[in-house]
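# Working through the structure, step by step
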Amino acid sequence: MIEAALKSLDPFTLLQAVIAVLIVLVWSWMMFRGSRDKKPNGSATPVWSLYGPVHDVLRAIHEMNEEGRETNRILSRAEAILKEIMKDQREQRELQT
Amino acid sequence: MTPLIRHYVEARLFEWVMAIGMIGLGIEIIIFPDVVRGPSFMLLAAIFPKLSIDIFLIFFGGLRIAALIANGRSTVYGPRVRAIGALAGATLWAQFDLSIIYVARDGTAPPAAMSFWFVFIFGELYSAYRAAGDDRSGA
């Protein structure tokens, strides 16, 4: 009876079912990978696309630049303060002599 | 108007196009019932009645659009519905492609849509991947 039922099935009908099952399996795998690859910040950029790491590097370079600018600002202020101190000292020395 | 359209459409253009396409095809079948006699529907029409194909297309097309609109508001159910819609799309496009191959197996030139249906399958599977990444249920 099973043999007769199988014989009555067109090979393409079987192929249709096989492909449908295959798509469901691939879909399940994609869902699993999607859940695994998602980042806590909400970005679903795939890890294997290398976009994520490149983006992280660019952000790190930007942060380093910002820190460099901030350091320059602090050093400029320190230089101005030191110049002020030196000027005061020079004036005091001139007054003493 | 433009920023609103961009907000909803830009990141998920493929899903929007596929959802609207599904509804469009459903309406097309209502207006021109002979569409299901085309090579893309050969295998589906042999198994399912025309009405069920029509309901499938309009239901999943509408569901996908609703999920895309709701996606930003519901970060749990929106992506899940989008993923289910992508599965429905991928299965449907695969059946269309298989039907075209079935028709073309005797040497007949296949319709131009063959390669489109084929790449749409991968687009839909990638949409499911993106949707899974958008799911914020914590699972």
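A quick note: this is a predicted structure, and the numbers were derived from the prediction, not measured.

Secondary structure assignment for chain A yields 3 helices and 0 strands. For chain A, buried positions account for 7% of its 97 residues.

Secondary structure summary: chain B contains 6 helices and 0 strands in total. Out of the 139 residues belonging to chain B, those deemed buried represent 38%. Here the contacts in chain B between residues at least 6 apart in sequence split such that 72% fall between residues at least 24 apart.

How big an interface is tends to be reported as the loss of accessible area on association of its parts. Between chain B and chain A, the residue contacts involve 19 residues of the former and 17 residues of the latter. Those elements that place two or more of their residues in the side of chain B that touches chain A are α5 (77-104) and α6 (113-134) of chain B. A class-by-class count of the residues in the side of chain B that touches chain A yields 13 nonpolar, 3 polar and 3 charged.

α5(B) packs onto helix α2 (residues 11-37) of chain A with a crossing angle of 150° between their chain directions and a minimal axis gap of 10 Å. Relative to α5(B), the element α2(A) is oriented roughly antiparallel. As for how α2(A) packs across α5(B), the hand of that crossing is right-handed. Across from A:Phe12, A:Leu15, A:Gln16, A:Ile19, A:Ala20, A:Ile23, A:Val24, A:Trp27 and A:Met31 in α2(A), the residues of α5(B) making contact are B:Ala83, B:Leu87, B:Ala90, B:Thr91, B:Ala94, B:Gln95, B:Leu98 and B:Tyr102. Of the residues that constitute the contact of α2(A) with α5(B), the class distribution is 14 nonpolar, 3 polar and no charged.

Glancing now at α2(A). In this model, α2(A) (27 residues) spans 38 Å end to end at C-alpha, consistent with the 39 Å of a helix rising 1.5 Å per residue. Among the residues of α2(A), those classed as buried are A:Gln16, A:Ile23, A:Trp27, A:Met30, A:Met31 and A:Gly34. Against α3 (42-47), α5 and α6 of chain B lie the buried residues of α2(A).

Let us now look at helix α2 (residues 13-31) of chain B. Think of an α-helix as turning once every 3.6 residues; residues three or four places apart then point the same way. All names here are of chain B. With 19 residues, α2 should reach 27 Å at 1.5 Å per residue; the first-to-last C-alpha distance of 27 Å fits that figure. Along α2, the positions that sit buried rather than exposed are Glu15, Met18, Ala19, Met22 and Leu25. Taken end-on, α2 shows its buried residues confined to a sector of 120°, consistent with a single buried face. Among the exposed residues of α2, those pointing more than 90 degrees away from its buried face are Leu13 and Ile31. Next to the buried residues of α2 lie α4 (50-70), α5 and α6.

The subject of this paragraph is the packing of α2(B) against α4(B). All names here are of chain B. In the contact formed by α2 and α4, the axes pass within 8 Å of each other and the chain directions differ by 150°. Here α4 runs roughly antiparallel to α2, going by the angle between their axes. As for how α2 packs across α4, the hand of that crossing is left-handed. Between α2 and α4, the residues in contact are Glu15, Trp16, Ala19, Met22, Ile23, Leu25, Gly26, Ile29 and Ile30 and Lys50, Ile53, Asp54, Leu57, Ile58, Phe60, Gly61, Gly62, Arg64, Ile65 and Leu68, respectively. Of the residues that constitute the contact of α2 with α4, the class distribution is 13 nonpolar, 3 polar and 4 charged.

Our next topic: the nonpolar core. If you look at the biggest cluster of nonpolar residues, it comprises 34 residues, and the most contacted ones within it are A:Trp27, B:Ala83, B:Leu87, B:Ala90, B:Trp93, B:Ala128 and B:Ala132. Contributions of two or more residues to this core are made by α2 of chain A together with α2, α4, α5 and α6 of chain B. With sequence-adjacent residues up to four places away left out, B:Ala83 is seen in contact with A:Met31, B:Ala128, B:Ala131 and B:Ala132.

In the predicted model, chain A carries a mean pLDDT of 82, and 77% of its residues have values of at least 70. No element of chain A has a lower mean pLDDT than helix α1 (residues 2-8) of chain A, at 64, and none a higher one than helix α3 (residues 51-96) of chain A, at 90.

A few words now on the environment of B:Met18. All names here are of chain B. Assignment of secondary structure puts Met18 in helix α2. C-alpha separation for the pair Met18 and Phe120, spaced 102 residues apart in sequence, amounts to 8.5 Å. Not counting residues within four places of it along the chain, the set of residues in contact with Met18 comprises Gly89, Phe120 and Glu124.

Conventions adopted
- Residues numbered from 1 in each chain as written.
- Chains lettered and ligands numbered in written order.
- Predicted model: local features only at pLDDT ≥ 70, side-chain atom pairs only at ≥ 80, totals over all residues.
- Helix = DSSP H or I, 4+ residues; strand = E, 2+ residues; numbered from the N terminus.
- Buried ≥ 20, exposed ≤ 12 C-beta atoms within 10 Å, placed from the backbone.
- Contact = placed C-beta atoms within 7 Å.
- Nonpolar A, V, L, I, M, F, W, Y, C, P; charged D, E, K, R; others polar.
- Axes fitted to C-alpha atoms, helices over the stretch in contact; angles between N-to-C directions.
- Parallel < 35°, antiparallel > 145°, perpendicular 65-115°, else oblique.
- Left-handed = near helix turned anticlockwise from the far one by under 90°.
- Expected span 1.5 Å × (residues − 1).
- Arc of directions from axis to C-beta.
- Core = buried A, V, L, I, M, F, W, Y, C linked by C-beta atoms within 7 Å.
- pLDDT = per-residue confidence, 0-100.

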